[in-house]
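# Fold and contact review
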Amino acid sequence: QPATLTVDNAHVRLIVGRPQSSPLFRLDQLVINLAQTRVWLTDAYPVGTPAYLDSLRQAAQQGVDVRLLVPGSSDLPLIGLLARSSYRPLLLAGVRVFEWNGAMLHAKTAVVDGCWSRIGSSNLNPASWLGNYELDLAIENEDFAAVMEGQFLDDLDNATEIVLSDAERVKLV
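Let us look at the structure shown here. Keep in mind the model is a prediction, meaning the values are calculated, not measured. (Residues numbered from 1 in each chain as written. Predicted model: local features only at pLDDT ≥ 70, side-chain atom pairs only at ≥ 80, totals over all residues. Heavy atoms only, no water.)

Further remarks concern the packing of aromatic side chains. Aromatic ring pairs are described here by two measures, namely the spacing of the ring centres and the angle between the planes. Applying the stated rule across the entire model yields four aromatic pairs. Here the aromatic rings of Phe25 and Tyr52 are separated by 6.2 Å at their centres, their planes lie at 40°, and the arrangement is tilted. Highlighted residues: Phe25 in helix H1 (residues 23–34) and Tyr52 in helix H2 (residues 50–61), separated in sequence by 27 residues. Taken together, Phe25, Tyr52 and Trp129 form an aromatic cluster joined through their ring pairs. (Phe/Tyr/Trp six-rings, centres within 6.5 Å; stacked < 30°, edge-to-face > 60°. Helix = DSSP H or I, 4+ residues; strand = E, 2+ residues; numbered from the N terminus.)

Attention shifts here to the pattern of salt bridges. Taken as a whole, this structure holds six salt bridges when the rule is applied. Of the charged contacts in the structure, one is a salt bridge between Arg13 and Glu140, with a shortest N-O distance of 2.3 Å. Of this pair, Arg13 sits in strand S1 (residues 11–17) while Glu140 sits in strand S7 (residues 134–140), and the two are 127 residues apart along the sequence. Owing to a relative accessible area of 44%, Arg13 belongs among the partly exposed residues under this scheme. Using a relative accessible area of 32% as the deciding quantity, one classes Glu140 as partly exposed. Residue Arg67 pairs with Asp65 through a salt bridge whose shortest N-O separation is 3.0 Å. Exposure remark for Arg67: the relative accessible area of 13% places this residue in the buried category. (Salt bridge = Lys/Arg side-chain N within 4 Å of Asp/Glu carboxyl O. Buried < 20%, exposed > 50% of the residue type's maximum accessible area, 1.4 Å probe, protein only.)

Here we take up the side chain of Ser122. In this structure, Ser122 sits in the loop between strand S6 (116–120) and helix H5 (126–131). A polar contact is formed between the side chain of Ser122 and the side chain of Asp136, at a distance of 2.5 Å. When residues no more than four places from it in sequence are discounted, the contact partners of Ser122 are Leu24, Asp43, Lys108, Ser128, Glu134 and Asp136. (Polar contact = N/O pair within 3.5 Å; in protein donor to acceptor, adjacent residues only side chain to side chain. Contact = heavy atoms within 4.5 Å.)

As structure tokens, then:
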């Protein structure tokens, strides 16, 4: 049975994405660039734009703990291949990438610095940012973020970390 969490004093924002509009892209860019300690993302179809991936790389290079949890297998194999094509530059910058070992991972979440979280339908790709109708919640609350972080860490127990080999080739741990 799911746990019940009562949260006081949370700031919750509804983010409505429409075709030709990218409010979540802009919000994520802002939050990633302001992150001080950690950015933990879970996404089902991660095919970020160069600008988005660059924000993740820059955050990691500045010492932010950037982690990305993505499916190990996908119902859209081409998307999985496109996502994997971005691993090497992310890993070289210090971003940690994990592939889910279970059935299809379909979550779309973020938790940043133990105080900001996002849950919704938007994937980290241009189709969600610019082509689809999407709905997400941004929650500013430390108690809620702590639950999100705990769930993320639990999910990593069923994931395989992707690392670079000595020859800087991507491999499973």
